[in-house]
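An overview of the molecular structure
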Amino acid sequence: MVVRESQRPGTKRSRAMEGLQRSRTMEGTSPRSRSEGPPQRVDANIALIGAEDVGKSALTVRFLTRRFIGEYGDIESIHSHCDMIDGREICFNIWDSVCPQNEGIADHNITKQLQWADGFILVYSICDRSSFSVVEQQVRRLRGQARTRGGPGATPPIIIVGNKRDLRHRRTVSSEEGRLLALTADCGFFEISAAENYHGVLLAFHGLLELIRETRALKKGPAGIKGIVRSVSAVFGRRRNDAKDAQD
Ligand SMILES: Nc1nc2c(ncn2[C@@H]2O[C@H](COP(=O)(O)OP(=O)(O)OP(=O)(O)O)[C@@H](O)[C@H]2O)c(=O)[nH]1
């Protein structure tokens, strides 16, 4: 397991941009995926978004370090985590975002995140109804922008996470509401607690990884067929030309 950490404390926003730059570099320098046949390393860029204080950093840190440390204001940032899963090296690049202050910034952020991310984790707190509304808006915004950019089905996979399950006695959003939103928006759904255990957090990240891989495989499908058609045409085109040359 490799966990990369920045060397100095910084604000969450600046740390996110550092992470963005670092993970782009990582993609560009993945040695095996470029030169030695089938790629062994898989990069998965994941953006965590949601309202303030829902536990985005707590979930990120829990996934990266297995620990829950309670306060996340000025800690050193941790953005990338590589692990062997099913015999493959998987590098998670995690963008732990801040909640935008207004609609304009929210739209701008989503545009940038859509360009970068392979998948999204939308987080709300089960004790904070307004954070659930934020997730509803974010799903609409993501779907809307992705449709404009790339047609239907262009949104990267999304997992909705209801966090702070350990505080169920203070719950204001039921599990059914979370599940229903995920069902209607065609997203995965997990209700977990970053504070309580690591396993649920792991399942959510790995669930998203699975969806990212499926999406990539689907994207490759038609291109693969096009590639075969192109090679067949090239071969037959060459044969026709060879035959013509032979006749001349
Ligand atoms: N009880 C409980 N508290 C949690 C859980 N996850 C996070 N917290 C607490 O909620 C507070 C906010 O957590 P953060 O991880 O900083 O939330 P955030 O979404 O990154 O917040 P912003 O950076 O403000 O957007 C902290 O005090 C955490 O300790 C959880 O699963 N259960």
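Look up a bit, the structure's there.
How each quantity is defined
Numbering of residues starts from 1 in every chain and runs along the sequence as written. Per-residue local features of the predicted model are confined to residues with pLDDT of at least 70, and side-chain atom pairs are confined, for both listing and counting, to 80 or more; whole-chain, interface and lining totals are unaffected and use all residues. Just so you know, side-chain values use all the structure's heavy atoms and leave hydrogens and water out. Orientation is described by lines fitted to C-alpha atoms, with helices fitted over the stretch in contact, and by angles between N-to-C directions that extend from 0 to 180 degrees. Runs of H or I in DSSP of at least four residues are treated as helices and runs of E of at least two as strands, each being numbered from the N terminus. Roughly parallel here means an angle under 35 degrees, roughly antiparallel means over 145, roughly perpendicular means 65 to 115, and every remaining angle is called oblique. Two residues qualify as a contact provided that any one of their heavy atoms is within 4.5 Å of a heavy atom in the partner residue. In this classification, Asp, Glu, Lys and Arg are treated as charged, Ala, Val, Leu, Ile, Met, Phe, Trp, Tyr, Cys and Pro as nonpolar, and every other residue, Gly included, as polar. For the purposes of this analysis, a disulfide is any pair of cysteine sulfur atoms at a distance within 2.5 Å. Only protein chains enter the accessibility calculation, which uses a 1.4 Å probe. A residue is then buried if its area is under 20% of the maximum for its type, exposed if over 50%, and partly exposed in between. Stacked, edge-to-face and tilted are the three classes for Phe, Tyr and Trp ring pairs, Trp counted by its six-membered ring, which pair at centre distances within 6.5 Å; planes under 30 degrees apart are stacked, over 60 edge-to-face, the rest tilted. At least two DSSP bridges between two strands are needed for those strands to be called paired. In this scheme, a crossing is called left-handed if the near helix is turned counterclockwise away from the far one by less than a right angle; it is called right-handed if the turn is clockwise.

1. Observations regarding the packing of helix H5 (residues 129-150) against helix H6 (residues 175-184)
- Contact pair H5 / H6: the axes reach a minimum separation of 11 Å and the direction vectors enclose 5 degrees. Between H5 and H6, the angle is such that the two are roughly parallel. Contacts between H5 and H6 involve Arg129, Phe132, Val135 and Glu136 on the former and, on the latter, Glu177, Gly178 and Leu181.
- Residues belonging to the contact of H5 with H6 are distributed by class as follows: three nonpolar, one polar and three charged.

2. Quick word on the state of the cysteines
- Taken as a whole and judged by the stated rule, the model has one disulfide.
- Two residues, Cys82 and Cys91, share a disulfide whose sulfurs are 2.2 Å apart. Between Cys82 and Cys91 the sulfur-sulfur dihedral comes to about 105 degrees; the bridge is accordingly right-handed.
- In this structure Cys82 comes out as buried when scored by relative accessible area, which is 3%.
- With relative accessibility at 0%, the residue Cys91 sits in the buried group.
- Free cysteine: Cys99, not disulfide-bonded; nearest cysteine sulfur from Cys127 at 17 Å.

3. A few points about the packing of aromatic side chains
- Under the definition given, this model contains five aromatic pairs.
- Between Phe63 and Phe92 the ring centres are 5.0 Å apart and the planes differ by 85 degrees, which places this aromatic pair in the edge-to-face class. With a gap of 29 residues between them, Phe63 in helix H3 (residues 56-65) and Phe92 in strand E4 (residues 88-96) connect regions that are remote in the sequence.
- On the accessibility criterion, Phe63 (1% relative accessible area) is buried.
- Put simply, the rings of Phe63, Phe92 and Phe205 touch in pairs and so form one group of aromatic residues.

4. A short note on the pairing of strand E6 (residues 158-163)
- Burial within E6 is extensive, with six of its six residues counted as buried.
- With burial as the criterion, each face of E6 is covered, one bearing Ile158, Ile160 and Gly162 and the other bearing Ile159, Val161 and Asn163.
- Pairing geometry for E6 and strand E7 (residues 188-191), over four bridges, is parallel. Bridged to Val161 within E7 is Phe190.

5. Some thoughts on the packing of helix H4 (residues 103-116) against H5
- With their axes 10 Å apart at the nearest point, H4 and H5 run at an angle of 60 degrees to one another. As far as their axial angle goes, H5 and H4 are oblique. Between H4 and H5 lies a crossing whose hand is right-handed. Contact with H4, carried on its side by Glu103, Ala106, Asp107, Ile110, Thr111, Leu114 and Gln115, involves Arg141, Leu142, Gln145, Ala146 and Arg149 of H5 and no other residues of that element.

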